[in-house]
Amino acid sequence: MTLLTLRQMSLSRNGRPVLHGIDLTVRPGEFIGLLGPNGAGKTTLLRAALGLLKAGGHSSLADLDVARRAQAAAFLPQNREIAWPMPVEAVVALGRVAHPRGATAADRAAVQRALDALRLDPLRRRDATTLSGGEQARVLLARALAQETPLLLADEPVAGLDPAAQIAVMQLFRDLAAQGKGVIASLHDLGLAARHCTRLLVLDAGRVAADGPPRAVLQPDLLARVFGIAAHLSEGPDGMIFQPLSLCPAAPS
């Protein structure tokens, strides 16, 4: 069983290639960290996979009609703005639009599970627009969780969160994968990716530079070539430990 299949996905903007023939298969139980420097194509890949951007090649999600796609995959975009003054609980409940049955006990239970997972129950009646940026980010992630899809795509989900919240979100994603779901999250923190992800996909200038388990991917030559850093990777009691050491001499200033 696969949750997402991409074959030879390519995309250009203003005549400039952004993605070059990306192949990817996502299966239940995988937490994939999508890595790469700024401009590598991570956001473009997520949006093209969902059919939000027109791309060449094949995406199993983009082939679905809108209703079926909403039940197959949830998406947390990079933009964290909540525009309308709504209670937190109401924002999270928007994730249930993918299941148009009217408000049911199942919907209410799904919303409650999402609130609990992001530790938002004490804020459920607060106007979401009055929350801090990090709290709003957790609300929007809870909305995606309430959708209760087999696959979750998240674009920089830990950006702007405090360290404890970052770890909690990464553990949540790892737990979702352990329950048989699939998660793809674009990340810039290689340490969090090394410790929590089951698989890493590294993009470099729109091409796949590496794909595999963290220890196999985060090798010195790749770190120097793609990220311009020297680092040390070791086995810790709770997973891989990534320790950046220095910039490589060829790293851009």
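Cut-offs and rules
Residues numbered from 1 in each chain as written. Predicted model: local features only at pLDDT ≥ 70, side-chain atom pairs only at ≥ 80, totals over all residues. Heavy atoms only, no water. UniProt positions renumbered as here; feature names shortened; annotations may be inferred. Phe/Tyr/Trp six-rings, centres within 6.5 Å; stacked < 30°, edge-to-face > 60°. Helix = DSSP H or I, 4+ residues; strand = E, 2+ residues; numbered from the N terminus. Buried < 20%, exposed > 50% of the residue type's maximum accessible area, 1.4 Å probe, protein only. Pairing = 2+ DSSP bridges. Expected span 1.5 Å × (residues − 1). Arc of directions from axis to C-beta. Contact = heavy atoms within 4.5 Å. Polar contact = N/O pair within 3.5 Å; in protein donor to acceptor, adjacent residues only side chain to side chain. Lys, Arg positive; Asp, Glu negative; His and termini not counted. Salt bridge = Lys/Arg side-chain N within 4 Å of Asp/Glu carboxyl O. Axes fitted to C-alpha atoms, helices over the stretch in contact; angles between N-to-C directions.

- Naming follows an unreviewed UniProt entry, where the protein appears as ABC transporter ATP-binding protein of Plastorhodobacter daqingensis.
- In the Function (unreviewed entry) part of its UniProt record, the protein is described as follows: "Part of the ABC transporter complex HmuTUV involved in hemin import. Responsible for energy coupling to the transport system."

Side note on the packing of aromatic side chains
Thinking step 1. Per the counting criterion, the structure on display carries 1 aromatic pair.
Thinking step 2. With centroids separated by 5.6 Å and ring planes inclined at 80°, the aromatic side chains of Phe31 and Phe173 adopt a geometry described as edge-to-face. Placement of the pair is Phe31 in strand β3 (residues 31–35) and Phe173 in helix α6 (residues 163–178), with a sequence separation of 142 residues.
Thinking step 3. In this structure Phe173 comes out as buried when scored by relative accessible area, which is 0%.

Points about the pairing of strand β11 (residues 239–247)
Thinking step 1. Alignment of strand β10 (residues 229–236) against β11, held across 8 bridges, turns out to be antiparallel. Paired with Leu233 across the strands is Phe242, a residue of β11.
Thinking step 2. In sequence, β10 turns back onto β11 through a hairpin of 2 residues.

Let's talk about α6
Thinking step 1. With 16 residues, α6 should cover 22 Å at 1.5 Å per step; its first-to-last C-alpha distance of 23 Å lies within 8% of that length.
Thinking step 2. Every buried residue of α6 is accounted for by Ala165, Gln166, Val169, Met170, Leu172, Phe173, Leu176 and Ala177. Here the buried residues of α6 occupy an arc of 155° about the axis, which is enough to place them on one side. In α6, the exposed residues that point more than 90 degrees away from the buried face are Pro163, Ala164 and Ala178.
Thinking step 3. Buried residues along α6 sit in contact with β3, α4 (105–117), α5 (133–146), β6 (151–155), β7 (182–186) and α7 (190–196).
Thinking step 4. Two or three places before Ala164, at the opening of α6, Asp162 has a side-chain oxygen 3.1 Å from that residue's backbone nitrogen.
Thinking step 5. Trailing α6 by a residue or two, Gly180 shows a phi angle of about 100°, which is positive.

A word on the environment of Gly56
Thinking step 1. Inspection of the secondary structure puts Gly56 in strand β4 (residues 56–59).
Thinking step 2. Assessed through its relative accessible area of 34%, Gly56 is described here as partly exposed.

Quick word on the environment of Asp127
Thinking step 1. Position of Asp127 among the secondary structure elements: in the loop between α4 and α5.
Thinking step 2. Asp127 sits in the partly exposed class, given a relative accessible area of 26%.
Thinking step 3. Residues contacting Asp127, with those up to four places away along its chain left out, are Pro85, Met86 and Pro87.
Thinking step 4. A polar atom in the side chain of Asp127 sits 2.7 Å from the side chain of Thr129.

As for the side chain of Arg138
Thinking step 1. Counting through the fold element by element, Arg138 comes out in helix α5.
Thinking step 2. Despite its burial, Arg138 remains without a salt bridge, the nearest opposite charge being carried by Glu135 at 5.0 Å.

A short note on the sheet that holds strand β1 (residues 4–13)
Thinking step 1. Taken in spatial order, the 3 strands line up as β2-β1-β4 in an open sheet, and their pairing is antiparallel. At either margin of the open sheet sits one strand with a lone partner, and together these are β2 (16–26) and β4. Here the strands of the sheet are splayed against their neighbours by 15° on average, with no regard to which way each runs.
Thinking step 2. One ladder, built from 3 bridges, connects β1 with β4; its direction is antiparallel. Bridged to Arg7 within β4 is His58.
Thinking step 3. Sitting on the sheet, helix α1 (residues 42–49) is in contact with β1, β2 and β4, with an inclination near 120° to β1.

Regarding the pairing of β3
Thinking step 1. Along β3, 5 of the 5 residues are buried, which leaves the element largely enclosed by surrounding structure.
Thinking step 2. Neither face of β3 is exposed, since Phe31, Gly33 and Leu35 on one face and Ile32 and Leu34 on the opposite face are all buried.
Thinking step 3. Pairing of β3 with β7, which is carried by 4 bridges, proceeds in the parallel orientation. Each bridged residue has a counterpart across the sheet, and for Ile32 the counterpart in β7 is Ile184.
Thinking step 4. Examined bridge by bridge, β3 and strand β8 (residues 199–204) share 4 bridges and lie parallel to one another. By the bridge assignment for β8, Leu34 is matched with Leu201.

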